[in-house]
Amino acid sequence: MAALAGVCTMRNGYLRLPARLLVLLPLTLAAAARIASASTDCAHWCPADSTCVNATTCRCSPGFSSSSGEIFTSFSEICNDIIECGPPPIVSCGKFAACQNTEGSYYCTCNAGYKLVSGAKTFRNESENTCQDIDECHWYPRICKGRSKCVNTAGNYICECPRGLEFDQQHPNLCKVISFPTWTPPHGVKSQMLSHFFERIQDLGRNYTSASAQDTIQKVLQVVDDLLESPRDLATLPRSEQHRVATNLLVGQEQVLRSLSKALPGGPLTFNTAGGTELSLEVEEQGHRNVTLSQNQTKMLVNWDVVQGSGDAGPSVVGLVSMPGMGKLLAEALLVLDTEKQAVLQETHKDLRPGVSPVLLSDVVLAFLSNNNTQNLSSPVTFIFQHSVTPGPREEVFCVFWEHNQNGSGYWSTKGCWIMGTRDTSTTCQCTHLSSFAILMAPYDVQEEDPALAAITYVGLSLSLLCLLLAALTFLLCKAIQNTSTSLHLQLSLCLFLAHLLFLTAIDRTKPKVLCAITAGALHYLYLASFTWMLLDGLHLFLTARNLTVVNYSSVSRFMKKFMFPVGYGVPAVIVAISAASRPHLYGTPTRCWLHTHKGFIWTFLGPVCTIFSINLAFFVMTFWILKNKLSSLNSDVSTLQNTRMLTFKATAQLFILGCTWCLGILQVGPAARAMAYLFTIINSLQGVFIFLVYCLLSHQVWEQYRKWLKAVTKTKAESEKYTLSSRATSDNSKPSMDN
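Residues numbered from 1 in each chain as written. Predicted model: local features only at pLDDT ≥ 70, side-chain atom pairs only at ≥ 80, totals over all residues. Heavy atoms only, no water.

What follows is about the overall build of the protein chain. Scanning the protein chain for helices and strands turns up 17 helices and 30 strands. The buried share among the 740 residues of the protein chain stands at 42%. A fraction of 63% describes how many contacts in the protein chain between residues 6 or more apart in sequence connect residues 24 or more apart. Of the roughly 40200 Å² of accessible surface on the protein chain, a fraction of 59% belongs to carbon and sulfur atoms. (Helix = DSSP H or I, 4+ residues; strand = E, 2+ residues; numbered from the N terminus. Buried < 20%, exposed > 50% of the residue type's maximum accessible area, 1.4 Å probe, protein only. Contact = heavy atoms within 4.5 Å. Areas by Shrake-Rupley, 256 points an atom, 1.4 Å probe, with all protein chains shown as cover.)

Bringing the packing of aromatic side chains into the picture now. Going through the model one piece at a time under the given rule, you end up with 21 aromatic pairs. Ring plane angle 85° and centroid distance 5.5 Å describe the contact between W183 and F197, whose orientation is recorded as edge-to-face. With a gap of 14 residues between them, W183 in the loop between β15 (175-177) and α3 (192-206) and F197 in helix α3 connect regions that are remote in the sequence. The buried category is assigned to F197, whose relative accessible area is 2%. (Phe/Tyr/Trp six-rings, centres within 6.5 Å; stacked < 30°, edge-to-face > 60°.)

With that out of the way, let us pick up the sheet that holds strand β6 (residues 71-72). The three strands are arranged β3-β4-β6 in an open sheet whose pairing can be described as antiparallel. Bordering the open sheet on either side are β3 (50-54) and β6, each of which pairs with just one other strand. Examined bridge by bridge, strand β4 (residues 57-60) and β6 share two bridges and lie antiparallel to one another. Residue pairing in the sheet places C58 in a bridge with F72 of β6. (Pairing = 2+ DSSP bridges.)

Strand pairing within a sheet occurs via backbone hydrogen bonds; the two strands may be parallel or antiparallel. The antiparallel open sheet is built from five strands, whose spatial order is β18-β19-β25-β29-β28. If you trace the sheet from one side to the other, it starts and ends with β18 (290-294) and β28 (417-422), each paired once. In this sheet, neighbouring strand axes are inclined to one another by 20° on average, regardless of whether the strands run parallel or antiparallel. Sheet topology places β28 next to strand β29 (residues 426-431); five bridges connect them, and they run antiparallel. The residue of β29 that forms the bridge with C417 is C431. (Axes fitted to C-alpha atoms, helices over the stretch in contact; angles between N-to-C directions.)

It is worth spelling out helix α5 (residues 239-261) at this point. The terminal C-alpha atoms of α5, which comprises 23 residues, lie 32 Å apart, in line with the 33 Å expected from a rise of 1.5 Å per residue. Burial analysis of α5 places 19 of its 23 residues in the buried class, which makes it a mostly covered element. (Expected span 1.5 Å × (residues − 1).)

This next bit is on the state of the cysteines. As enumerated under the stated definition, the model contains 12 disulfides in all. Through a disulfide, C399 is tied to C429; the S-S separation comes to 2.4 Å. Between C399 and C429, the disulfide has an S-S torsion of 50° and is therefore right-handed. Residue C399 is found in strand β26 (residues 395-404), and its partner C429 is found in strand β29; the two are separated by 30 residues along the sequence. C429 matches C399 in its accessibility class, with the two residues each being buried. With no disulfide of its own, C696 lies closest to C478 among cysteine sulfurs, the gap being 8.4 Å. (Disulfide = S-S within 2.5 Å.)

Right, let's get into unusual backbone geometry. Cis geometry marks the peptide bond from G86 to P87; its omega dihedral reads 10°. Among the structural elements, P87 can be located in the loop between β7 (80-81) and β8 (97-102). K511 connects to P512 through a cis peptide bond whose omega is -5°. In this fold, P512 is placed in the loop between α10 (484-506) and α11 (513-548).

This next bit is on the confidence of the model for the protein chain. Looking at the protein chain as a whole, the pLDDT averages 81, with 80% of positions reaching at least 70. Here strand β1 (residues 9-11) stands out as the least confident element of the protein chain, with mean pLDDT 39; strand β9 (residues 105-110) is the most confident, with 96. (pLDDT = per-residue confidence, 0-100.)

At a closest axis distance of 10 Å, the pairing of helix α4 (residues 213-229) and α5 adopts a crossing angle of 170°. Taken together, the axes of α4 and α5 lie roughly antiparallel to each other. The two elements α4 and α5 cross, and the hand of that crossing is left-handed. Between α4 and α5, the residues in contact are A213, T216, I217, V220, L221, V224, L227 and L228 and L249, Q253, V256, L257, L260 and S261, respectively. (Parallel < 35°, antiparallel > 145°, perpendicular 65-115°, else oblique. Left-handed = near helix turned anticlockwise from the far one by under 90°.)

Once that is clear, we can look at the nonpolar core. Counting 55 residues, the largest nonpolar core has W183, F197, L249, L279, M326 and W412 as its most contacted members. For this core, the leading source of residues is α4, giving eight residues. Judged by nonpolar contacts, the second largest core, of 50 residues, contains A499, F531, F692 and C696. (Core = buried A, V, L, I, M, F, W, Y, C linked by side-chain atoms within 4.5 Å.)

Relative to the helices and strands, N248 resides in helix α5. For N248, a relative accessible area of 15% translates into the label buried. From its side chain, N248 meets the backbone oxygen of T184 in a polar contact 2.9 Å long. Apart from residues lying up to four places away in sequence, N248 is in contact with W183, T184, P185, P186 and F198. (Polar contact = N/O pair within 3.5 Å; in protein donor to acceptor, adjacent residues only side chain to side chain.)

As a further point, take the pattern of salt bridges. Scanning all chains against the criterion turns up eight salt bridges. The salt bridge involving E70 is made with R59; its shortest N-O contact spans 3.5 Å. Note that E70 is positioned in the loop between β5 (64-65) and β6 and R59 in strand β4, a separation of 11 residues in sequence. Judged by relative accessible area, which is 46%, E70 ranks as partly exposed. For the salt bridge of E704 with R707, the shortest nitrogen-to-oxygen distance reads 3.1 Å. You can see E704 and its partner R707 sitting in helix α17 (residues 700-739), three residues apart, about one turn around the helix. (Salt bridge = Lys/Arg side-chain N within 4 Å of Asp/Glu carboxyl O.)

Bringing the packing of helix α9 (residues 451-477) against α10 into the picture now. Relative to each other, α9 and α10 sit at 150°, their axes nearing to 9 Å. Here α9 lies roughly antiparallel to α10, going by the angle between them. The two elements α9 and α10 cross, and the hand of that crossing is left-handed. Contacts between α9 and α10 involve T457, Y458, L461, S462, S464, L465, L468, L469, A471, A472, F475 and L476 on the former and, on the latter, T486, H489, L490, S493, L494, L496, F497, H500, L501, F503 and L504. The class makeup of the residues in the contact of α9 with α10 is 16 nonpolar, seven polar and no charged. (Nonpolar A, V, L, I, M, F, W, Y, C, P; charged D, E, K, R; others polar.)

Turning to the pairing of strand β19 (residues 298-303), a few remarks are in order. Side chains T298, M300 and V302 project from β19 onto a buried face, and the interleaved K299, L301 and N303 project onto a face without burial. Taken together, the five bridges between β18 and β19 define a ladder with antiparallel strand orientation. Note that in β19 the partner of V291 across the bridge is V302. Here β18 folds back onto β19 in antiparallel fashion, the turn holding three residues. Summarising the sheet, β19 and strand β25 (residues 381-386) pair through four bridges and their orientation is antiparallel. Bridge pairing links M300 to F383 in β25.

Printed below as a string of structure tokens:
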């Protein structure tokens, strides 16, 4: 109280304040109240789906977020719904369930065909997931109509007709008795035997019942076999009409067997006729394996997923019919090769003999499935055919199928089929569709190689090998010319020498295939390396000419020495590695150990070559421009300028020697193909001669070194002869003294 002395006094036990202090006290208390109120007031600017924290801060409601997070202080922020279901999902609902997003929240539901054990409709996360399959067949007994039966599946169900019944196309939910398919004669073909055949088929159709399906199939096969064994007047019909009859028999028999087989009991079944026709069947409700149907002359391997097809109900069927007699009706049928087969024949220099019909090497087989969609199978079907005769040395083997025409006829086609392997007694092939198949043998003529071109190649390459060896020794031993440019030329000569040597000794050795592929890969690498060194030579020339203007010669040498070997040998290695990894089977052709032209694979070589040629051409144009404009003021006797001009001439000659030859190879088409082939062979085989001529014989320094080497050799030879004569004279003088 002493501190308030003179300010306030005590009177009658009460504190008495001065009048001025009584006025200030209410003002101070009001200010403090306003500050306390300000700290708890809400910010009126908080956006929708948020609540205020204080006068300067807002918080997004649960399930919402701003760009700054849950809490924000900026007037421009808004709260957006958090998409918990994604993508990417923030929560997991577990198996057989899906996430459903809502405004500010989410929930999980079981997939269609599943339900929670508790009976609830929704749940929150994976830990609450108890989704299990709904057995529709148990809960809804009459879900399948008529005589069809319900089969429960994971998350769904299917309706199946009992064996011997099939779904009615007009009423897809109702089952009907499997009927005998309609089989009509080919239009415009008049034959008593064919008429009698269809009368027997119609009798089988009228008498057919589901219980007699197995017996009816046997009789259908026998009726067809009887017609093929005794065609009578069918044999006198024109070939075009015989082919129409064959097409009708193949198509009609496939439809009948596919339908009647569904009424058979499950498991493997075999049917045989006296004429050799054989039917192998596999009937199953469900399967998860590969199916193999074996016969005396044919074997078929197919995956069960291909047999069953998607959404098929009822038993699944795969069948294979061998018909030895069908070949008579298909004699002299046309063979149509797909584009790929034609390209292979051209690569192997083969021409099918015109006017000579292919010969059947196997029985004609008919393959069918319960799955009607057999034009583009998910996995190929494999066939193994036994040969009835052995193919000759100039007879090509094809895996073919019978393609139907719009006029009811057909032809043999190779589309969608390819040979996996062939021997004297059998052929294995695969097809991506089903129809009627066979193995054909077609005679061919080999396009003989031009003996003049072969002679030019061997003589030219042999001379090039000698010149490249001499050039490499010159670059290596002639110290007067050794520099960065000489190192580039040495590597170029070595690569070309190895490439030409490998070409000369192994290009035609196509067996074994693995060794041939390795040879093709090595040639690919060596020729690409040659062009890469040529590119580095052009780059070195351009940098030398550019640096002449700033008198900076050493930087070029340092740069080239540092990068030339990694680039010269590394870049071709990368190209060949990528090519070999992507399509290794395209290294090596049936006649040459080189690159296939199939699918443009040859452009893994021609593409880099054309690119290098174009870049080098640009380097040389820029070099000429520099020499013309930048160095015109220099004295023409300056040695560096003279060397650069000589290098430019030699590099230009090299560009056209190595680059233009391959351009001639690309131009071997049309009427000028033969002339281009001769030019390509002559110039390409003499590349080593041109390199030795340009870089060695046209060099004054090299000639001086040659003279020195020649003098040294002559001097050594003279001294040797002098020593020999001296030795003989000494020997002759010693003989008389010994006689004395």
